[in-house]
Amino acid sequence: MIALQQLDKTFNKGTANQVSALQNISLTVADQDFVVIIGANGSGKTTLFNIIAGAEFPTQGQIHINGRNVTHVPDYKRSQWIARVFQNPLSGTAPDLTILDNFRLAALRTSSKKLRIGINDKFKNTVRDKIAELGMGLENKLLQPMGTLSGGQRQALTLVMSVMDHTEVLLLDEPTAALDPRSAAVVMTTAQKLIDQYRLTAIFITHNLKDAQHYGNRLLHMQEGKITRDITGPDKQALQLADIYGWFA
Ligand SMILES: Nc1ncnc2c1ncn2[C@@H]1O[C@H](COP(=O)(O)OP(=O)(O)OP(=O)(O)O)[C@@H](O)[C@H]1O
């Protein structure tokens, strides 16, 4: 469970450039919830992710993840149980390294994996099996540089890489924004499959209102640093695209 209590984030406090990016945000995300966040540019979505991931600390308020108070735990420590996939398919990957070496690098995020990787072929076989599940034929390209793949292939691999071990929370930060519609659909289908398979708690930021309607069991609308709508369960299922468009009028 993720519990955010009365979070504030102010940038450049006390200066002419002061920005109140998050204002008194309280939110509880249950285990295995799939929450979608939409909102206009500058409404605070990425700042919220930065604070959940530990890339930024709140000006005020607290964050608990599965009962642990992580408010001031930095991102490199939280990465043991939080994975984040970004808009840019190259974020978090090394384009000149092979697919396998990228998986090795990602594996170094957790100490448990450090012990296993590189000792024998077990890690390679595990990676090959996980990649084969994507159904994209990439398991036969383990020694191909990551940078030679398409954006959609890279995002699909990044998803697999992110959730392979110990991840409890998956933060999807506009993961399909740079992709063509077909690749975007493949990446979102992959994300949904992995979320179900690994029973992840997921939060998905998107500007694609169709995806916001289709995915998740809960939809949040952010405006000016606040959560102004929180629609769950049957109410979310009943939402029409026109309703969501109307929120941006
Ligand atoms: N490091 C920073 N320093 C100063 N201001 C910042 C910083 N990061 C974000 N902001 C400001 O905080 C506000 C919220 O920005 P944020 O990036 O969280 O919005 P967003 O909803 O993710 O927008 P977008 O949809 O464009 O990605 C904006 O006014 C932004 O300019």
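The structure contained in this document is the topic of the report that follows. Worth saying up front: this structure is predicted, and the values here are computed from it rather than measured.

To continue, consider the sheet that holds strand S3 (residues 34-39). With mixed pairing, the 6 strands of this open sheet are ordered in space as S6-S7-S8-S3-S9-S10. At either end of the open sheet lies a strand with only one pairing partner, and these are strand S6 (82-85) and strand S10 (226-232). For this sheet the average axis-to-axis angle between neighbouring strands, irrespective of direction, equals 20°. Pairing of S3 with strand S9 (residues 218-223), which is carried by 5 bridges, proceeds in the parallel orientation. By the bridge assignment for S9, Ile 37 is matched with Leu 220. The sheet contacts of helix H1 (residues 45-53) involve S3, S6, strand S7 (169-173), strand S8 (201-205) and S9, and relative to S7 the element is tilted by about 150°.

Moving on, we come to the site of the ligand. Phe 11, Asn 12, Val 19, Ala 21, Gly 39, Asn 41, Gly 42, Ser 43, Gly 44, Lys 45, Thr 46 and Thr 47 make up every residue found near the ligand. Among the elements that line the shell around the ligand, the one with the most residues is H1, at 3 residues.

Here Ala 83 is to be found in strand S6. The spacing of Ala 83 and Gly 152 is 69 residues in sequence and 18 Å in space, taken between C-alpha atoms. Not counting chain neighbours up to four residues away, the residues in contact with Ala 83 comprise Ser 162, Val 163, Thr 167, Leu 170 and Leu 171.

This part is about H1. Among the 9 residues that make up H1, 7 are buried, leaving the element largely enclosed by the rest of the structure. Burial in H1 covers these residues: Lys 45, Thr 47, Leu 48, Phe 49, Asn 50, Ile 51 and Ile 52. Of the residues trailing H1, Gly 54 is marked for its positive phi of about 90°.

Next up on the list: the pairing of S7. The buried fraction of S7 is high, at 5 of 5 residues. Pairing geometry for S6 and S7, over 4 bridges, is parallel. Paired with Ile 82 across the two strands is Val 169, which belongs to S7. Sheet topology places S7 next to S8; 5 bridges connect them, and they run parallel. Counted as the bridge partner of Leu 170 is Ala 202 from S8. Where the polypeptide runs from S7 across helix H7 (residues 181-197) and back to S8, its parallel neighbour, the crossover connection is right-handed.

Calculation criteria
- Residues numbered from 1 in each chain as written.
- Predicted model: local features only at pLDDT ≥ 70, side-chain atom pairs only at ≥ 80, totals over all residues.
- Pairing = 2+ DSSP bridges.
- Helix = DSSP H or I, 4+ residues; strand = E, 2+ residues; numbered from the N terminus.
- Axes fitted to C-alpha atoms, helices over the stretch in contact; angles between N-to-C directions.
- Contact = placed C-beta atoms within 7 Å.
- Near = placed C-beta within 6 Å.
- Buried ≥ 20, exposed ≤ 12 C-beta atoms within 10 Å, placed from the backbone.
- Right-handed = clockwise from strand over helix to strand, strands pointing away.

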